Amino acid sequence: MKKALLLILLGTTCLLSARAAETVDSVRMRIYYRTGYRFVEPGFRNNREALDRFTESIRRSLDDGSFEHIVVAASSSPDGNEQANERLAALRVDSLVAYIVRHTAVPEERIERHVIGVAWEALRGMVAGLDTEWRDEALEIIDHTPAIRYDAQGRPTGGRNAELMRLRGGAPYRYMQEHLFPELRSSVGATLYTLPEPPSVDEGPAQTVAEPEPEPVSAPEPKPAPEPERAPAATVAEPAAGDGWTPRIRVKTNAVGWAMMIVNAAVEIDLSRRFSVNLPIYYSGCDYFSARAKFRILATQPELRVWPLRSRRLFAGVHFGVASYNFAAGGDWRIQDHAGHTPALGGGLNVGYRLPLGRTERWDVEFSLGAGAYRAHYDKFRNEHDGARATEVRKTFVGLDNAAVSFSYNFGLKKKQK
């Protein structure tokens, strides 16, 4: 049944492509999505293997000059709101297109997008292959009931999905939800089309000279010539295949810092799939609407991060911190690093989670929380204009030293193949 669905879905992409007739070869891929999830997850089901194989085929076709175009198509299951399902399918198409562009040298304009909508045709093929007593009734509804019915005022009043839900008290619908819908809602198909191999230069003359005897059949002789030329191409593409991961550099800012009137920016650079380095800088030179309340700071907190999961969502980090500060909470006292040039020094641990934003997956939002210990040497002043210094303090602070909701934009560091 799954094979039948795959043929239907990918076959639809072939029909939708206006240039498909010009091609003689194709490579097809199907990947899966979690229910309601729109982003490509290489670690989900067999996605990693499919994506690696497909991107390697793209690189090889680009290298040997046979690349023509790619078609990415997606559909959704009938359950739920039809418009919402169609939007989700469109987002899944966008996420797969973004993945292909990031991991190969294919220009985005060479990828066709097709949102099929609710996969009624695929569902019909699956139902037709069942051996159940309600099969013919379900096919009757799929074939002759409009997808959406409207009343006189143009408001939707039900349709094909609602009729299926009412069939025999809902038992057939529950069966389809459990056994058929997951295959409809969880997949996106992509097809790589390649150009026909250019004919051998000697083929033409060989046919004209083919008058005497079958001797011109020696035309296959020139064919080995392209082979040696292609061999190096395959070996060049090999190292780039990797595992589909692309190193990135991210420019980010922390919304929590801005809420505290602290100007901040950070840069994160991937060292490998498992490790990255994050370098934030914080600065504030203003009071909180009064000279008696302030948190003036100049600080940095370099951090080495570890990404334990292949999805690169969850991370843990170890950081070092240095901060010059001038702090007053509106009470009787103000504290400042000793003599204005004795910053607090320390470090700690950090954990966080990152989620992609938007269709292109260039934008991310990151949540992180950290704690550490800092050795501080500061002066304590009366909290008033030119307040007198009261005492000098040396103290170790232990507690939260980082809370961030950061928004970032990322750039790929991978060199594109020529």
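Use the structure listed above.
The paragraphs below set out a description of the structure included in this document. A quick note: this is a predicted structure, and the numbers were derived from the prediction, not measured.

Moving on: the pattern of salt bridges. Should the charged atoms of two oppositely charged side chains come close, the side chains can pair. For the coordinates displayed, the defined rule picks out 24 salt bridges. The partner of Arg-250 in a salt bridge is Asp-270, and the shortest N-O contact between them spans 4.0 Å. Residue Arg-250 is located in strand E7 (residues 248–254), and its partner Asp-270 is located in strand E8 (residues 263–270); the two are separated by 20 residues in the primary sequence. Residues Arg-250 and Asp-270 agree in their burial class; the two are buried. Here Glu-268 makes a salt bridge to Arg-354, at a shortest N to O gap of 2.4 Å. Of the two residues, Glu-268 is situated in strand E8 and Arg-354 in strand E15 (residues 344–357); the sequence distance between them amounts to 86 residues. On the basis of relative accessible area, Arg-354 is assigned to the buried category, the value being 3%. Where salt bridges share partners, they join Lys-252, Glu-268, Glu-303, Arg-305, Arg-354 and Glu-366 into one cluster.

Within the largest apolar cluster, 23 residues are counted, with the highest numbers of intra-cluster contacts made by Ile-31, Ile-70, Val-72 and Leu-96. Elements with a contribution of two residues or more to this core: strand E1 (25–32), helix H2 (47–64), strand E2 (67–76), helix H3 (82–103) and strand E6 (187–194). Among all residues touching Val-72, those that are not within four sequence positions of it are Val-93, Leu-96, Val-97, Ile-100, Ile-111, Glu-112, Arg-113, His-114, Val-188, Gly-189 and Ala-190. Counting 20 residues, the second-largest nonpolar core is a separate cluster that includes Val-118, Leu-139, Ile-141 and Leu-184.

As a further point, take the pairing of strand E14 (residues 333–337). Across three bridges, the pairing between strand E13 (residues 314–329) and E14 is antiparallel. Within the sheet, the bridge partner assigned to Ala-328 lies in E14 and is Arg-334. Counting the residues that bridge the hairpin from E13 to E14 gives three residues, and of these Gly-330 lies at a positive phi of roughly 90°.

Attention now goes to the packing of helix H4 (residues 120–128) against helix H5 (residues 135–144). As a packed pair, H4 and H5 sit with axes 10 Å apart at the nearest point and diverge in direction by 165°. Taken together, the axes of H4 and H5 lie roughly antiparallel to each other. Here H4 runs over H5; the crossing is left-handed. In this structure, H4 contributes Trp-120, Leu-123, Arg-124, Val-127 and Ala-128 to the contact, and H5 contributes Arg-135, Ala-138, Leu-139, Ile-142 and Asp-143.

Where H2 meets H3, the axes come as close as 10 Å, and the angle between the chain directions of the two elements is 55°. When the axes of H2 and H3 are compared, the pair comes out oblique. Relative to H3, H2 is oriented so that their crossing is right-handed. In this structure, H2 uses Leu-51, Phe-54, Thr-55, Ile-58 and Arg-59 to contact H3, whose residues at the interface are Leu-96, Tyr-99, Ile-100 and His-103. Its residues assigned to classes, the contact of H2 with H3 shows six nonpolar, two polar and one charged.

The rules behind each value
Residues numbered from 1 in each chain as written. Predicted model: local features only at pLDDT ≥ 70, side-chain atom pairs only at ≥ 80, totals over all residues. Heavy atoms only, no water. Salt bridge = Lys/Arg side-chain N within 4 Å of Asp/Glu carboxyl O. Helix = DSSP H or I, 4+ residues; strand = E, 2+ residues; numbered from the N terminus. Buried < 20%, exposed > 50% of the residue type's maximum accessible area, 1.4 Å probe, protein only. Core = buried A, V, L, I, M, F, W, Y, C linked by side-chain atoms within 4.5 Å. Contact = heavy atoms within 4.5 Å. Pairing = 2+ DSSP bridges. Axes fitted to C-alpha atoms, helices over the stretch in contact; angles between N-to-C directions. Parallel < 35°, antiparallel > 145°, perpendicular 65-115°, else oblique. Left-handed = near helix turned anticlockwise from the far one by under 90°. Nonpolar A, V, L, I, M, F, W, Y, C, P; charged D, E, K, R; others polar.

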